[in-house]
Amino acid sequence: MAHSAIESKHLETTVSPADETLVIGDRRFTSRLIVGTGKYADNKTMQQALDASGADVVTVAVRRDRLMNEHGESLLDSLDVKRYTILPNTAGCFTAHDAVRVARLGRELLHQLKNPGANWVKLEVLGDKKTLLPDPAGTLDAVKELVADGFEVLAYSSDDPIAALRLKEAGATSVMPAGSPIGSGQGVMNPANIALCLELLKDGDLSYPVIVDAGVGTASDVTIAMELGADGVLLNTGIAHARNPVRMARAMRQACQAGRDAYLSGRIPKRKYATASSPWEGVISYIPGE
Amino acid sequence: MRDSGRQGLYNARVEVMINGQKQVIPNSATVSQLIELRGLVGRACAVEVNKELVPKAEHSHRALAPGDHIELVTLVGGG
């Protein structure tokens, strides 16, 4: 009996397999990091960075048929559509109507590629070109229309907890509050708001996936988001524009795992004063005040 | 005369907007023929005509009309 008590205590402190899986709707993924495919200097670097990130899901954009980048490369020649689940975005859309159009085009493209990412979309309805912050009203309208059209919507949101909650209530499969503006590298600007988003979105629905999307500048930003209890982090520029994207991708992967483990382990409370790690008993030295 | 008339009809060309640019294409060309003309056969390519998606299954019988606004899109790197 004593043995099994020890064993069960050990199990409590061990991360269960379920904790290691990111569940979004009916889909399950090993990695909690979702990475973008934009802004890379060349496709070879992108391939290596995606590999180093450990991501199962990668985002793409829908654009007019300028098929090649400045090096004469096409994304689809370099992206392994059998390995990755592709999450098409509606980046560049400023109205719900345009976002719905782009989402449908993305779904059509993924159907043609026979990729499991068809039927889901990373919804962005942006408010203005300078901040690229989401338009809450347009995003809400688009979520309703896309859900009615059979999409699983991962909705990019501000970190406003009520705005995020309304998107969930409208049927979004996941809400993705921004850490800070897209590509800004400012990290999680308002951790208290992200914590409130998590609390409201997961109230009575602990498994509802909340992914911190945008603003990641370096590995610690990913860890902070994950320590707050986010289910995952989505980033692009932080890797693609690092001096060494492949190494940064590895750092992001490790940071994501570290943050998740820390969240599940339970951090200690913050205290005003120190608590000694070594015992006072048996100290041979002079102690001030004693 | 009849032959040249028919020829004229066959050669009739119409103006449409493709990806925001004016283009002249053969009269009554289908979406499939347009994809062929643009060298996109075998490529992932989604098509919208007048802001409505035309699924791939309809490409071969959807004829384009003068003044149509056509978008031909694919996937590119993005975040």
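Just above, that's the structure.
My aim in this report is to walk through the structure given alongside it, one point at a time. The structure presented is a predicted model; accordingly, all values stated were derived computationally and were not measured.

1. Here's the deal with the overall build of chain B
For step 1, the next point in the chain: Along chain B, the regular secondary structure elements total 2 helices and 5 strands.
For step 2, the next point in the chain: Walking chain B from its N terminus toward its C terminus, one meets helices and strands in the order α-β-β-α-β-β-β.
For step 3, the next point in the chain: Looking at chain B as a whole, 37% of its 79 residues qualify as buried.
For step 4, the next point in the chain: Approximately 4700 Å² of chain B is accessible, and the part contributed by carbon and sulfur atoms is 50%.

2. Structural notes on the packing of helix H4 (residues 96-112) of chain A against helix H5 (residues 136-148) of chain A
Residues and elements named next belong to chain A.
For step 1, the next point in the chain: It is the contact of H4 with H5, at a shortest axis distance of 8 Å, that shows an interaxial angle of 40°. Compared by their axis directions, H4 and H5 come out oblique. Read as a crossing pair, H4 and H5 show a hand that is right-handed. Residues Ala96, Val100, Ala103 and Arg104 of H4 form the contact with H5, whose own contacting residues are Gly138, Asp141, Ala142, Glu145 and Leu146.
For step 2, the next point in the chain: Of the residues contributing to the contact of H4 with H5, the split by class is 5 nonpolar, 1 polar and 3 charged.

3. So, the interface of chain A and chain B
For step 1, the next point in the chain: Contacts between the two partners involve 30 residues from chain A, matched on the other side by 24 residues from chain B.
For step 2, the next point in the chain: Both faces considered, chain A and chain B share a buried interface measuring about 2400 Å² in area, 59% of it formed by carbon and sulfur atoms.
For step 3, the next point in the chain: Among the residues chain A hides against chain B, the three largest losses belong to Arg64, Asp65 and Arg101 of chain A. Together they make up 25% of the total.
For step 4, the next point in the chain: The tally of links between chain A and chain B comes to 4 salt bridges.
For step 5, the next point in the chain: We note a salt bridge from Asp77 of chain A to Arg43 of chain B, for which the minimum N-O separation is 3.8 Å.

4. A closer look at the pairing of strand E3 (residues 33-36) of chain A
Residue and element names in this part refer to chain A.
For step 1, the next point in the chain: Of the two faces of E3, the one lined by Leu33 and Val35 and the one lined by Ile34 and Gly36 are each fully buried.
For step 2, the next point in the chain: As paired elements, E3 and strand E10 (residues 232-235) share 3 bridges and run parallel to each other. The residue of E10 that forms the bridge with Val35 is Leu235.
For step 3, the next point in the chain: Inspection of the sheet shows E3 paired to strand E4 (residues 57-64) by 3 bridges, in the parallel sense. Looking across to E4, one finds that Gly36 is bridged to Thr59.

5. Brief notes about the packing of aromatic side chains
Each pair of aromatic rings is reported with the distance of its centres and the angle of its planes.
For step 1, the next point in the chain: Enumeration according to the criterion identifies 1 aromatic pair over all chains in this entry.
For step 2, the next point in the chain: When the ring centre of Tyr208 of chain A is taken as origin, the NZ or CZ atom of Lys168 of chain A, which lies over that ring, is 4.5 Å away.

6. Topic: helix H6 (residues 161-169) of chain A
Residue and element names in this part refer to chain A.
For step 1, the next point in the chain: By the burial criterion, the buried members of H6 are Pro161, Ala164, Leu165, Leu167 and Lys168. The buried residues of H6 occupy an angular sector of 155° when projected down its axis, which confines them to one face.
For step 2, the next point in the chain: Looking at where H6 begins, the residue whose side-chain oxygen comes 2.8 Å from the main-chain nitrogen of Ile162 is Asp160.
For step 3, the next point in the chain: Once H6 ends, the next one or two residues include Gly171, with phi positive near 110°.

7. As for H5 of chain A
Residues and elements named next belong to chain A.
For step 1, the next point in the chain: Spanning 13 residues, H5 covers 19 Å between terminal C-alpha atoms, matching the ideal 18 Å at 1.5 Å per step.
For step 2, the next point in the chain: Of the positions making up H5, those classed as buried are Gly138, Thr139, Ala142, Val143 and Leu146. On an axial view of H5, the arc spanned by its buried residues comes to 135°, and they lie on one face. Opposite its buried face, H5 presents the exposed residues Pro136, Ala137 and Ala148, each directed more than 90 degrees away.
For step 3, the next point in the chain: Sitting at the head of H5, Asp135 places a side-chain oxygen 3.0 Å from the backbone nitrogen of Ala137.
For step 4, the next point in the chain: With its phi angle positive at about 90°, Gly150 sits one or two positions after the end of H5.

8. Considering the sheet that holds strand E7 (residues 152-157) of chain A
Pairing between the strands of a sheet is mediated by backbone hydrogen bonds and can be parallel or antiparallel.
Residue and element names in this part refer to chain A.
For step 1, the next point in the chain: Pairing is parallel across the open sheet formed by 3 strands, whose spatial order is E6-E7-E8. With one partner strand each, in any of the chains shown, strand E6 (120-123) and strand E8 (174-177) form the two edges of the open sheet. When the angles between neighbouring strand axes are averaged without regard to direction, this sheet yields 15°.
For step 2, the next point in the chain: Looking at chain direction, E7 and E8 are connected through 4 bridges and run parallel. In the strand pairing of E8, Leu154 is matched with Ser174.
For step 3, the next point in the chain: Contacts from H6 reach E7 and E8, with the element oriented near 170° to E7.

Here is what the cut-offs are and how they apply
- Residues numbered from 1 in each chain as written.
- Chains lettered and ligands numbered in written order.
- Predicted model: local features only at pLDDT ≥ 70, side-chain atom pairs only at ≥ 80, totals over all residues.
- Heavy atoms only, no water.
- Helix = DSSP H or I, 4+ residues; strand = E, 2+ residues; numbered from the N terminus.
- Buried < 20%, exposed > 50% of the residue type's maximum accessible area, 1.4 Å probe, protein only.
- Areas by Shrake-Rupley, 256 points an atom, 1.4 Å probe, with all protein chains shown as cover.
- Axes fitted to C-alpha atoms, helices over the stretch in contact; angles between N-to-C directions.
- Parallel < 35°, antiparallel > 145°, perpendicular 65-115°, else oblique.
- Left-handed = near helix turned anticlockwise from the far one by under 90°.
- Contact = heavy atoms within 4.5 Å.
- Nonpolar A, V, L, I, M, F, W, Y, C, P; charged D, E, K, R; others polar.
- Buried area = accessible area lost by both parts, 1.4 Å probe.
- Salt bridge = Lys/Arg side-chain N within 4 Å of Asp/Glu carboxyl O.
- Pairing = 2+ DSSP bridges.
- Phe/Tyr/Trp six-rings, centres within 6.5 Å; stacked < 30°, edge-to-face > 60°.
- Lys NZ or Arg CZ within 6 Å of the ring centre and 35° of its normal.
- Arc of directions from axis to C-beta.
- Polar contact = N/O pair within 3.5 Å; in protein donor to acceptor, adjacent residues only side chain to side chain.
- Expected span 1.5 Å × (residues − 1).

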